[in-house]
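Chain by chain, the residues run as shown.
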Amino acid sequence: MDLVEISKYIFAAVITIYVLVSFTGATIRDDKKRRAIYATQSTTTFIFHLLGYIILFLNNNNDIKYLILYCFEFGLAFATMVVYDVIYPKSSKLLVNNMIFLMSMGYVFIARLNFDQAVRQFIFACIGIGITFFVPMIIKKFKKMRDLGWIYAAVSFTLLLALFFSSRVYGAKINITLGPITIQPSEFVKILFVFFIASMYNKALTWKKLLLTSIAAAAHIVIFIASNDLGAALIFFVAYIMMTFVATRRLVLLLGTTGLGILGALIAAKTVPHVIKRVVAWRDPWSNIYGSGYQIAYALFSIAAGGWFGVGLTRGRPDTIPFVANDMIFAAISEEMGIIVAIGVLFVSLNCLILIMNIASRCNTLFYRLVAVGFGVTYAFQVFLTVGGVLKIIPLTGVTLPFVSYGGSSLVVSLIMFAIINGMYTMRQDSGESSKPDITYRRREPKVKVSNKNETGLNEDMSEYFKKDDFESDISKEKKGLSSEKSGDDRGKTKYYSPEDFKNIDDYNEFDDSKF
């Protein structure tokens, strides 16, 4: 049995161990107890990466360029772990390790498919990681970013309008070429769009502000549809409706916007030529297997050929799938490493989503919470679109698998998004921030009268706005002599606060229900 045959089972075992320790680490709160988890994640990542490049080296006539590239990639991954550990010791190391693991898998498969693309991917990784070293610091220092809503919108519209002057590539206008560099503006607009929505919803929300935000969001989506970038249009739409729901807590808005989105998708499937072609190829790729259905059909052939453990790295035929390194890399992974490894990639992505949403739930301010939710939804839905298209669950949308697929713009933006989330996590872990209450965004509860207003200085019960474990007071010790109009069962449980409790809180976001 040769190395390639043995490696099939090693890859499956390595990713299984990685997934198990990642989910275990997410349940442990003590960072000291997580050290073994971090060590296991790093070890399994380096084993996966090293074994992949050894196979590529041996199966390409011992070409030394593969080992050189491996050394650079290993050095970048190691430096990333060390820098985050030194500069941002309170960052989410689980999220950083997941990011590095997915990038390492992408390195291996892109190098297997096209070495030149692998070199370019590494260069973009260096650029992206270099930027991320400064992002958490900027997030922590630059607090005014929550007030720049229309500036975000103006910059994003400027980038999107540039698409109309770009050349059409396979039916869609998504790339702008600047000399030897090709960028995809929609990737960078993701960050601006999420910041725009979060900034608009950060203050008191009225129907007027909600309407203006919705119009601006719809304009983004219309531009993407006009440029035939259907994947980006769907990602932005889902991010908008989820952020709106989190901000307003209104189920009717969630259902209404979702219904409008479904209606719009049905109309597009009947009227927009580019969408019609994608839907026809999705419904029956076999009727035109050497035409519009070729990409889907051969992706399914590759997945079926792989089985549980794959045919072995370098022994598949992913080169038969068009744009395999960009849109269909999940099919290549399934063929050569098997369904177990492919499922492992999905679980690692799910672990990232859980970590991001956990960070969102712990953010002190609504702005940061919405940003984390927006990035989490954007990341998760992009994974769904990519994998769903490969598996023929939904029509192909042409989006990449974050951190894994080839694409410089996608990689850099994904790195920045994770760095922003880590910056917010670092803020939460900082002693000055974590001591503040986790203020929620909700409708005002009915007032509860206090019998002695002069002594408390308050004429309503504010306890519903704060977590109980952040402000614990015992009425029997601190507010003796006061009585509540509550029933006997509730007596002694009412929480009272003085103005001193609120003087340092500058991020209270009130849902102004009277203006709706």
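Residues numbered from 1 in each chain as written. Predicted model: local features only at pLDDT ≥ 70, side-chain atom pairs only at ≥ 80, totals over all residues. Heavy atoms only, no water.

A.B. asks: Explain the overall build of the protein to me, please; I cannot follow it from the model alone.
C.D. replies: For the protein, the helix and strand inventory stands at 19 helices and two strands. Relative to its 516 residues, the protein shows a buried fraction of 53%. Nonlocal contacts in the protein, meaning residues at least 24 apart in sequence, comprise 74% of its contacts between residues at least 6 apart. Accessible area of the protein: about 23,500 Å², with a carbon and sulfur share of 63%. (Helix = DSSP H or I, 4+ residues; strand = E, 2+ residues; numbered from the N terminus. Buried < 20%, exposed > 50% of the residue type's maximum accessible area, 1.4 Å probe, protein only. Contact = heavy atoms within 4.5 Å. Areas by Shrake-Rupley, 256 points an atom, 1.4 Å probe, with all protein chains shown as cover.)

A.B. asks: What should I look at first to understand helix α1 (residues 3-26) in this one?
C.D. replies: The α-helix winds at 3.6 residues per turn, so residues separated by three or four positions along the chain end up facing the same way. In this model, α1 (24 residues) spans 34 Å end to end at C-alpha, consistent with the 34 Å of a helix rising 1.5 Å per residue. Listing the buried residues of α1 in full gives Val4, Ser7, Lys8, Phe11, Ala12, Val14, Ile15, Tyr18, Val19, Val21, Ser22 and Gly25. On its buried side, α1 packs onto α2 (35-58), α4 (93-113) and α14 (329-361). (Expected span 1.5 Å × (residues − 1).)

A.B. asks: Would you take a moment to explain the side chain of Asn97 for this structure?
C.D. replies: Structurally, the position occupied by Asn97 is in helix α4. The buried category is assigned to Asn97, whose relative accessible area is 5%. Polar contacts involving the side chain of Asn97 include one to the side chain of Gln41, which spans 2.7 Å. When neighbours within four sequence positions are excluded, Asn97 is seen to be in contact with Tyr18, Tyr38, Gln41, Ser42 and Met81. (Polar contact = N/O pair within 3.5 Å; in protein donor to acceptor, adjacent residues only side chain to side chain.)

A.B. asks: What is the right way to read helix α15 (residues 366-390) from this model?
C.D. replies: For α15, with 25 residues, the first-to-last C-alpha span of 36 Å sits near the 36 Å given by 1.5 Å per residue. The element α15 is extensively covered by neighbouring structure, given that 23 of its 25 residues are classed as buried.

A.B. asks: Explain the side chain of Ser302 to me, please; I cannot follow it from the model alone.
C.D. replies: Along the polypeptide, Ser302 turns up in helix α13 (residues 294-306). Here Glu335 takes part through its side chain, which lies 3.4 Å from a polar atom of the side chain of Ser302. Those residues in contact with Ser302 that sit more than four places away from it in its chain are Ile321, Ala331 and Glu335.

A.B. asks: Explanation requested: the pattern of salt bridges in the structure shown.
C.D. replies: Two side chains that carry opposite charge are able to pair once their charged atoms sit near each other. For the coordinates displayed, the defined rule picks out eight salt bridges. Here Asp2 ties to Arg315 by a salt bridge, and the two come within 2.2 Å at their closest N and O atoms. You can see Asp2 sitting in the segment before α1 and its partner Arg315 sitting in the loop between α13 and α14, a full 313 residues away along the chain. On the basis of relative accessible area, Asp2 is assigned to the partly exposed category, the value being 36%. Assessed through its relative accessible area of 41%, Arg315 is described here as partly exposed. (Salt bridge = Lys/Arg side-chain N within 4 Å of Asp/Glu carboxyl O.)

A.B. asks: Sorry, what's going on with the packing of aromatic side chains here?
C.D. replies: To describe a pair of aromatic rings, you give the distance between the ring centres and the angle between the ring planes. Following the criterion strictly, the structure yields 27 aromatic pairs and no others. Plain terms: the ring middles of Tyr298 and Phe301 are 5.4 Å apart, the flat faces sit at 75° to each other, and that makes the pair edge-to-face. One end of the pair is Tyr298 and the other is Phe301, both in helix α13 and three residues apart, which spans about a single turn. Among the residues examined, Phe301 registers a relative accessible area of 40% and is labelled partly exposed. Through pairs of rings, three or more aromatic residues link up here, namely Phe46, Tyr53, Tyr70, Phe74 and Phe78. Its guanidinium or amino end placed over the ring of Phe115, Lys65 lies 4.5 Å from that ring's centre, counting from NZ or CZ. (Phe/Tyr/Trp six-rings, centres within 6.5 Å; stacked < 30°, edge-to-face > 60°. Lys NZ or Arg CZ within 6 Å of the ring centre and 35° of its normal.)

A.B. asks: I keep staring at a nonpolar patch on the surface and nothing clicks. Help me out?
C.D. replies: Taken together, the side chains of Tyr9, Trp308, Phe309, Ile343, Phe347, Leu350 and Ile354 make up a nonpolar region of the molecular surface, amounting to roughly 650 Å² of accessible area. It is α14 that provides the largest number of residues to the nonpolar patch, a total of four residues. For Ile343, the location among the structural elements is in helix α14. (Patch = residues over 30% accessible without salt bridge, like charges linked within 9 Å, V, L, I, M, F, W, Y side chains within 5 Å.)

A.B. asks: Explain the nonpolar core to me, please; I cannot follow it from the model alone.
C.D. replies: Generally speaking, nonpolar side chains in soluble globular proteins are found buried as a group. With 142 residues, the main nonpolar core has Phe195 and Ile420 as its most contacted residues. The contacts of Ile420, once residues within four sequence positions are left out, are Val135, Ile139, Ile191, Phe195, Val371 and Phe375. (Core = buried A, V, L, I, M, F, W, Y, C linked by side-chain atoms within 4.5 Å.)

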